[in-house]
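Inside the fold
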Amino acid sequence: MKKPAILVARAIFPETLAYLSKHFEVESNQADEVLSPSELSMRLQGKVGALTTGSERIDGAVLKVNPQLKIVANMAVGFNNFDVPAMTASGVLASNTPDVLTETTADFGFALLMATARRVTESEHYLRAGHWQKWSYDMFAGAEVHGSTLGIIGMGRIGQGIARRGALGFGMKVIYHNRTQLSPQLEAECKATYVSKETLLKTADHVMLVVPYSAASHHTIGAAELALMKPTATLVNIARGGIVDDAALAKALAARQIAAAGLDVFEGEPTVHPDLLKVPNVVLTPHIASATTKTRLAMAQLAADNLVSYFTKGHALTPLNQVASAS
Ligand code: 8YV
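If you're wondering where the values come from, they're calculated on a predicted model, not measured in any experiment.

Some words on the overall build of the protein chain
For the protein chain, the helix and strand inventory stands at 13 helices and twelve strands. Considering only C-alpha atoms, the protein chain reaches an extent of 75 × 50 × 35 Å along its principal axes. The long-range fraction of contacts in the protein chain, counting pairs at least 24 apart against all pairs at least 6 apart in sequence, stands at 60%. Of the roughly 15,400 Å² of accessible surface on the protein chain, 58% is carried by carbon and sulfur atoms. Side-chain charges of the protein chain comprise 29 positive and 28 negative groups, with the mean position of each set lying 2 Å from the other.

Here it is as structure tokens:
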């Protein structure tokens, strides 16, 4: 029997490709060019499945010219690159990769928080530039992390992982804001207290953003929210570009309205707002919060398994919508 044809839209691990090739006729993009929407539509022609990353948008236009498509498996937990209602309306199953990246991403949230509060990259640049001639008592003095107040906006799996690290590892007081309040049991496990967004912004020493991107969460942090924060506070975004108004943040950092920021995600990435590149009090990383080899392999494997499960058993392992089964 002829194997179903799929597109792997970006370069992935050779072992994941080999696994997929046992089940599918695979067209892969190991050259790793980022496909424009029209190239993506073209490469999807004749394919019943696809493995995508956050850089490929699956929307009505792509679906319209690819009515044969049955499933798109995103190698990411976030799925704001999918128009899920349009996919459901076209009978296309959508899946993501939850759980396998939770702890790794929470680790990175903490790495960015520590680097931001303790001015790790700023001081390293200073050293590498040959400016370190003598030690001084206030050199790169930063903000305390242990024992401080951590405010988490978005209390899903990753937010909870960060709360546990903060409360149990660093003795932080953890406050959080979320669309829905956690159960008393989960709150006790995370040692986290629910507060309004305004209270969180006014009281937290460190604000961590872990909220999924949607029209409703666009610019969760803008000029008005930054104005509520303490001048000594730090802000960390490991959620998505667009959750923060990057232009407003660059202004606030330049004016020292808040002390520092750590950003792993950006509006319009991989382009970074030029004003953010000019301010020293920001740590910038290229969307690597889930980037350990083990976790990226697990994400690729789960995305691949979603495709295999759908075509062999009629259902995906971690679906985002419900459509009629393949078999
Ligand atoms: C991905 C992420 O690596 O899972 C997510 O939502 O942001 C990252 O872990 C990235 O989106 C590429 O797919």
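Here the narrative resumes.
Focus: the packing of helix α5 (residues 102-117) against helix α7 (residues 157-170)
Direction vectors running N to C along α5 and α7 enclose 55°, while the axes themselves pass 8 Å from each other. Compared by their axis directions, α5 and α7 come out oblique. Crossing geometry of α5 relative to α7 is assigned as right-handed. Contacts from Thr102, Glu103, Thr105, Ala106, Asp107, Phe110 and Met114 in α5 reach Arg157, Ile158, Gly161, Ile162, Arg164, Arg165, Gly166 and Phe170 in α7. Its residues placed into classes, the contact of α5 with α7 shows six nonpolar, four polar and five charged.

Digging into the environment of leucine 297
With respect to the element layout, leucine 297 can be found in helix α13 (residues 293-313). In this structure leucine 297 comes out as partly exposed when scored by relative accessible area, which is 28%.

Considering the packing of aromatic side chains
Scanning the entire structure with this criterion turns up five aromatic pairs. Between the aromatic rings of phenylalanine 24 and phenylalanine 311, the centroid separation amounts to 5.6 Å while the plane-to-plane angle is 75°, which identifies the pairing as edge-to-face. Of the two residues, phenylalanine 24 is situated in the loop between α1 (14-23) and β2 (25-28) and phenylalanine 311 in helix α13; the sequence distance between them amounts to 287 residues. Taking relative accessible area as the criterion, phenylalanine 24 reaches 2% and is therefore assigned buried. Ring geometry for tyrosine 126 against phenylalanine 140: centres 5.0 Å apart, planes inclined by 75°, an arrangement best described as edge-to-face.

Considering the site of the ligand
Taken together, Thr53, Gly54, Met75, Ala76, Val77, Gly78, Leu101, Arg240, His287, Ser290, Arg296 and Met299 are the residues near the ligand. Contact between the ligand and methionine 75: an oxygen atom at 2.9 Å from a main-chain N or O atom of the residue. At 2.8 Å from an oxygen atom of the ligand is found a main-chain nitrogen or oxygen belonging to glycine 78. Burial of the ligand by the protein amounts to 83% of the accessible area it has alone, namely 330 Å². Class assignment of the residues belonging to the shell around the ligand gives a composition of five nonpolar, five polar and two charged.

Re unusual backbone geometry
The omega torsion across glutamate 269 and proline 270 is 15°, close enough to zero to call that bond cis. Structurally, the position occupied by proline 270 is in the loop between β11 (260-263) and α12 (274-278). The backbone of aspartate 99 sits at a positive phi, close to 70°, despite the residue not being glycine. Assignment of secondary structure puts aspartate 99 in the loop between β5 (93-95) and α5. A positive phi angle, close to 50°, is found at phenylalanine 140, a residue other than glycine. You can see phenylalanine 140 is positioned in the loop between α6 (120-128) and β6 (149-153).

A look at a nonpolar patch on the surface
Residues Leu127, Trp132, Trp135 and Tyr137 make up a contiguous nonpolar surface patch of roughly 600 Å² in combined accessible area. Of note, tryptophan 132 is situated in the loop between α6 and β6.

Points about the environment of aspartate 138
Here aspartate 138 lies in the loop between α6 and β6. Sequence spacing of aspartate 138 and alanine 86 is 52 residues, and the spatial spacing of their C-alpha atoms is 56 Å.

Some words on the pairing of strand β1 (residues 5-8)
Here β1 pairs with β2 via four bridges, running parallel. Note on β2: the bridge partner recorded for alanine 5 is glutamate 25. Once you follow β1 into α1 and on to β2, the crossover reads as right-handed. Bridge count for β1 against strand β3 (residues 49-52) is three bridges, and the pairing is parallel. Paired with valine 8 across the strands is leucine 51, a residue of β3.

Looking at the sheet that holds strand β12 (residues 282-284)
Spatially, the seven strands line up as an open sheet ordered β8-β7-β6-β9-β10-β11-β12, and their pairing is parallel. Because the sheet does not close on itself, it has two edges, and the strands there are β8 (192-194) and β12. When strand polarity is set aside, the average angle formed by the axes of neighbouring strands in this sheet is 20°. By the bridge criterion, four bridges tie strand β10 (residues 234-237) to β11 in an arrangement that is parallel. Each bridged residue has a counterpart across the sheet, and for asparagine 237 the counterpart in β11 is leucine 263. Against the sheet, α7 makes contact with β6, β7 (173-177) and β9 (206-209), and its axis sits at roughly 175° relative to β6, the strand it touches most. The strands touched by helix α11 (residues 246-254) are β10, β11 and β12; relative to β11, the strand with the most contacts, the crossing angle is about 145°.

Analysis parameters
- Residues numbered from 1 in each chain as written.
- Predicted model: local features only at pLDDT ≥ 70, side-chain atom pairs only at ≥ 80, totals over all residues.
- Heavy atoms only, no water.
- Helix = DSSP H or I, 4+ residues; strand = E, 2+ residues; numbered from the N terminus.
- Contact = heavy atoms within 4.5 Å.
- Areas by Shrake-Rupley, 256 points an atom, 1.4 Å probe, with all protein chains shown as cover.
- Lys, Arg positive; Asp, Glu negative; His and termini not counted.
- Charge placed at Lys NZ, Arg CZ, Asp CG, Glu CD.
- Axes fitted to C-alpha atoms, helices over the stretch in contact; angles between N-to-C directions.
- Parallel < 35°, antiparallel > 145°, perpendicular 65-115°, else oblique.
- Left-handed = near helix turned anticlockwise from the far one by under 90°.
- Nonpolar A, V, L, I, M, F, W, Y, C, P; charged D, E, K, R; others polar.
- Buried < 20%, exposed > 50% of the residue type's maximum accessible area, 1.4 Å probe, protein only.
- Phe/Tyr/Trp six-rings, centres within 6.5 Å; stacked < 30°, edge-to-face > 60°.
- Near = heavy atom within 4 Å.
- Polar contact = N/O pair within 3.5 Å; in protein donor to acceptor, adjacent residues only side chain to side chain.
- Patch = residues over 30% accessible without salt bridge, like charges linked within 9 Å, V, L, I, M, F, W, Y side chains within 5 Å.
- Salt bridge = Lys/Arg side-chain N within 4 Å of Asp/Glu carboxyl O.
- Pairing = 2+ DSSP bridges.
- Right-handed = clockwise from strand over helix to strand, strands pointing away.

Worth remembering: the numbers are spatial, not functional.
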